[in-house]
Amino acid sequence: MHLKEFCRIINMLKPRLIPSLLIYKNGLIKTENFKVKDSKYVGDPLNAVRIFNEKNADEIIISDVTPSVEKTEPNYDLISKIAEECRMPMCYAGGIKKLEQIEKIISLGVEKVGLCSICINDPELISKAAKRVGSQSIVAIMDVKKNGLMGNYKVFIENGKKSTNYTPLKFLEKFQDLGAGEIIINNINNDGKMNGYDFNLLDSIYKFSRIPLTILGGAGCYEDIKKTFNRYGIIGAAAGSFFVFKGKYKAVLIQYPTKEEKDVLYPYNIKKN
């Protein structure tokens with residue numbers, strides 16, 4: 001068994017602390033509320049992956065918005081370089097629309113492929129991909145935004161620009177039934193804000209999930225991570241800004257907790273998902 005595959009299986013049995021890196025035109029950026037044009041450049045993605053290797057990160061999420069913004073194919077050369085460098089399980093997302101693209105990305109050494117807009121536009125692709133490469137390699141990403149007037153949540157596509165008829169619960173139930181092996185819940189309202197995860201959103205779907213969940217959007221301190229693990233047990237807590245910014249002025253500094261710090265974050269009595 002490949003070392004990264006072994007790590008992936010082990011990680012599914014405990015809470016996971018996951019850096020989420022966003023790429024645009026081969027550079028590492030950070031956004032607020034999905035606004036790519038107002039993003040901040042924070043460095044080279046390959047260098048960031050090397051640092052997270054050294055810090056023994058549980059997993060990593062790599063999202064490239066270039067294909068969807070520029071209407072291009074995924075950058076297979078960059079994906080290959082990142083996968084070759086990466087020593088932890090990796091999920092790649094960005095511009096994937098076809099089964100052949102999924103197979104090619106998996107063949108480059110990527111463990112998991114994240115699908116977002118295509119879930120809504122071609123939901124049967126989830127089933128086809130799960131049968132071809134295995135459910136464990138297929139991640140359905142729900143980008144969620146809260147309606148300010150009604151107070152309810154809707155799933156959005158096209159980098160948060162287009163609303164769908166899916167609620168988070170409807171999305172979860174449909175795509176776990178179609179064969180997704182994991183769901184990432186990405187909160188657009190909280191993106192880059194570092195003001196804590198939205199537990200109301202996660203509470204509304206957590207008990208209905210039969211597959212691993214990862215929450216993304218809002219983590220600003222270790223206490224946010226600890227609260228999440230204590231509340232939900234076996235879950236993925238992903239973060240972008242928290243792992244690349246330091247201090248109130250958001251100086252660029254890649255960070256990740258030591259083993260000793262992570263042990264403090266993990267709950268003693270792990271709940272079952």
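Refer to the structure printed above.
Residues numbered from 1 in each chain as written. Predicted model: local features only at pLDDT ≥ 70, side-chain atom pairs only at ≥ 80, totals over all residues. Heavy atoms only, no water.

Caption draft 1: Broad picture of the overall build of the chain. Along the chain, the regular secondary structure elements total twelve helices and 14 strands. Against the compact-globule benchmark of 19 Å for 273 residues, the chain has a radius of gyration of 17 Å, which places it among compact chains. Dimensions of the chain, computed from the C-alpha atoms along their principal axes, are close to 45 × 45 × 40 Å. Classification of the 273 residues of the chain by burial places 56% in the buried group. Counting only contacts in the chain whose residues sit at least 6 apart along the sequence, the fraction spanning at least 24 positions is 68%. Only carbon and sulfur atoms are counted for the fraction: they give 52% of the accessible area of the chain, which is about 12600 Å². Between the mean site of the 41 positive side-chain charges and the mean site of the 31 negative ones, the chain shows a separation of 4 Å. (Helix = DSSP H or I, 4+ residues; strand = E, 2+ residues; numbered from the N terminus. Rg over C-alpha atoms; globule rule 2.2 N^0.38 Å. Buried < 20%, exposed > 50% of the residue type's maximum accessible area, 1.4 Å probe, protein only. Contact = heavy atoms within 4.5 Å. Areas by Shrake-Rupley, 256 points an atom, 1.4 Å probe, with all protein chains shown as cover. Lys, Arg positive; Asp, Glu negative; His and termini not counted. Charge placed at Lys NZ, Arg CZ, Asp CG, Glu CD.)

Caption draft 2: A look at unusual backbone geometry. Unlike most non-glycine residues, Asn33 shows phi in positive territory, near 55 degrees. Along the chain, the position of Asn33 falls in the loop between strand S2 (27–30) and strand S3 (40–43). Although it is not a glycine, Asn159 sits at a positive phi angle of roughly 55 degrees. Of note, Asn159 is situated in the loop between strand S8 (153–157) and strand S9 (162–163).

Caption draft 3: Seen up close, a positive patch on the surface. On the surface, a cluster of positive charge is contributed by Lys71, Lys97, Lys98 and Lys161. Looking at Lys98, the relative accessible area reads 48%, which means it is partly exposed. (Patch = residues over 30% accessible without salt bridge, like charges linked within 9 Å, V, L, I, M, F, W, Y side chains within 5 Å. Salt bridge = Lys/Arg side-chain N within 4 Å of Asp/Glu carboxyl O.)

Caption draft 4: Highlighting helix H8 (residues 168–178). Regarding H8, the residues found buried are Pro168, Phe171, Leu172, Phe175, Gln176 and Leu178. Looking down the long axis of H8, one finds its buried residues gathered within 155 degrees of arc, a one-sided arrangement. Just past H8, the residue Gly179 takes up positive phi, approximately 120 degrees. (Arc of directions from axis to C-beta.)

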